[in-house]
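Examination of the molecular architecture
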Amino acid sequence: MTVLVRRDPTVVHVALGTRSYDIVIGRGLLDSLGARIAALRPGAKAVIVTDDNVARYHLDPAEAALRHAGVASSRVIVPAGEASKSYRVFEQVCEALIASRIERGDLAIALGGGVIGDLTGFVAAVVRRGLDYVQVPTTLLADVDSSVGGKTAIDSAHGKNLIGAFHQPILVLADTALLDTLPEREFRAGYAELVKYGLLGDADFFSWLEKNWRDVFAGGAARDHAIAESCRAKAEIVARDERETGDRALLNLGHTFGHALEAACGFSDRLLHGEAISAGMALAFEFSARRQGLLPMAEAKRAIRHLAEVGLPTHLRDIPGPPPSVDHLMDLIAQDKKVKRGMLTFILVRGIGSAFIEAGVDAREVRVFLSEKLAER
């Protein structure tokens, strides 16, 4: 797999009939935000939803781009962090959009990472019974995962992303230059969702990442290429299964374990979402090899070794603070969105690039496995 050096942005099309849209990927695209919105929705005004961290770097340029194209806009700024995916902040943003006199023909702009994208998308899904919205991701995780596919949500006390709706954006504008301001830990956490595409369905992409991950972290053509490959993979899956009734569940590789760990840590900076997914993928590979006999342990270790090499957590002992109990983790896993009629569904693997959906996983097997892993601490 070779990297192409591009001057023009890469465009990945998400084919969903009347709900189709483009993901536009490249450096320096934020300046074109207003012109693209004006072309898609002539005469519409916009409300930008962002957080207080992103606002310091990118809100003024985004507003300037809208103003230059004649797009009237207002702003809503919420606190940074997972805590903003709550009923309280959701209500505040809904009321702010309504107070701005936004109409059905207008739109919302999610300027931020996964939290802002999920929150804004859900607000757009329900205010005035549905508004258009645009995703402008500012994190690697949002570039390759949460901004694409129309899954929007806030968190419940019972678990992550349990209250939400499917609501597709009309455009995803992934300006990779915005990642230059991202803290290294945040970028590394986003890499977990990027490498996921190789681990679940593209062994060649995973091999390329093993050789080129340092260039992805450094930026430039390798980074843009990796983001585009990830978006193509997700777009293909979403086009086949928009509402996650089949193949789209493959995108949850590592998420059943990972979301439980994230919830057990209180959705806090103790364990970022991408870090939780890294640990979850490592657990999924090891569970598939050790407890299910689906692949050689050596291949599972190869996947785990790469995650560890880039600095991501791969063991429960890598998570700071006191460990959760097996009972707590099992309770959280039982709330997973893939549970059907009380039966656990996991994304397991037969090898790198070969994930599959396994319904009816024996909860006793999962409990024994987690007990063993907790004992390793």
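Numbers given to residues run from 1 along each chain, matching the order in which its sequence is written. Two thresholds apply to this predicted model, a pLDDT of at least 70 for residue-level local features and 80 or more for giving and counting side-chain atom pairs, whereas whole-chain, interface and lining totals are computed over all residues. To obtain the side-chain values, all non-hydrogen atoms of the structure were used and water was disregarded.

1. Considering helix α3 (residues 87–99)
Runs of H or I in DSSP of at least four residues are treated as helices and runs of E of at least two as strands, each being numbered from the N terminus. By definition here, a helix of n residues has an expected span of 1.5 Å times n minus one. In this model α3 runs 18 Å from its N-terminal to its C-terminal C-alpha over 13 residues, within 8% of the 18 Å that 1.5 Å per residue would give. Each residue is assigned to one of three classes by its accessible area relative to the maximum for its type, calculated with a 1.4 Å probe on protein chains only: buried under 20%, partly exposed between the two thresholds, exposed over 50%. Buried within α3 we find Val89, Phe90, Val93, Cys94 and Leu97. Looking straight down α3, one finds that the buried residues subtend no more than 140° of arc, so they occupy a single side. More than 90 degrees from the buried face of α3, the exposed residues found are Tyr87 and Ala99. Throughout, the arc means that of the directions going from the helix axis to the C-beta atoms.

2. Structural notes on the confidence of the model for the chain
Known as pLDDT, the predictor's confidence for each residue is given on a scale from 0 to 100. Looking at the chain as a whole, the pLDDT averages 95, with 98% of positions reaching at least 70. In what follows, a contact means two residues having at least one pair of non-hydrogen atoms within 4.5 Å. Contacts of residues 1–6 to residues separated by more than four positions or lying in other chains number 14 contacts, the stretch itself having pLDDT below 50.

3. Observations regarding the pattern of salt bridges
A pair is scored as a salt bridge if a Lys or Arg side-chain nitrogen falls within 4 Å of a carboxyl oxygen belonging to Asp or Glu. Applying the stated rule across the entire model yields 32 salt bridges. Residues Lys45 and Asp106 are paired through a salt bridge, measuring 2.9 Å at the closest nitrogen-oxygen approach. Of this pair, Lys45 sits in the loop between α1 (33–40) and β3 (46–51) while Asp106 sits in the loop between α3 and β5 (107–112), placing them 61 residues apart in sequence. Residue Glu376 is joined to Arg290 by a salt bridge in which the shortest nitrogen-to-oxygen separation is 3.3 Å. Of this pair, Glu376 sits in the segment after α13 (363–375) while Arg290 is found in helix α10 (residues 273–291), placing the two residues 86 residues apart along the sequence.

4. Notes on the packing of aromatic side chains
Side-chain rings of Phe, Tyr and Trp, where Trp is taken by its six-membered ring, are said to pair if the distance between their centres is within 6.5 Å; with planes under 30 degrees apart they count as stacked, over 60 as edge-to-face, and otherwise as tilted. Under the criterion given, the structure shown has 10 aromatic pairs. Ring centres 5.4 Å apart and planes at 85° place the aromatic pair Trp213 and Phe217 in the edge-to-face group. Taken together, the positions of Trp213 and Phe217, both in helix α7 (residues 203–218) and 4 residues apart, correspond to about one turn of that helix. Classification of Trp213 by relative accessible area gives buried; the value is 9%. Assessed through its relative accessible area of 19%, Phe217 is described here as buried. Linked through ring pairs, Phe187, Tyr191, Trp213 and Phe217 together constitute an aromatic cluster. It is Lys196 that lies over the ring of Tyr197; its NZ or CZ is 5.0 Å from the centre. Two conditions define a charge located above a ring, namely a distance within 6 Å from the ring centre to NZ of Lys or CZ of Arg, and an angle within 35 degrees of the ring normal.

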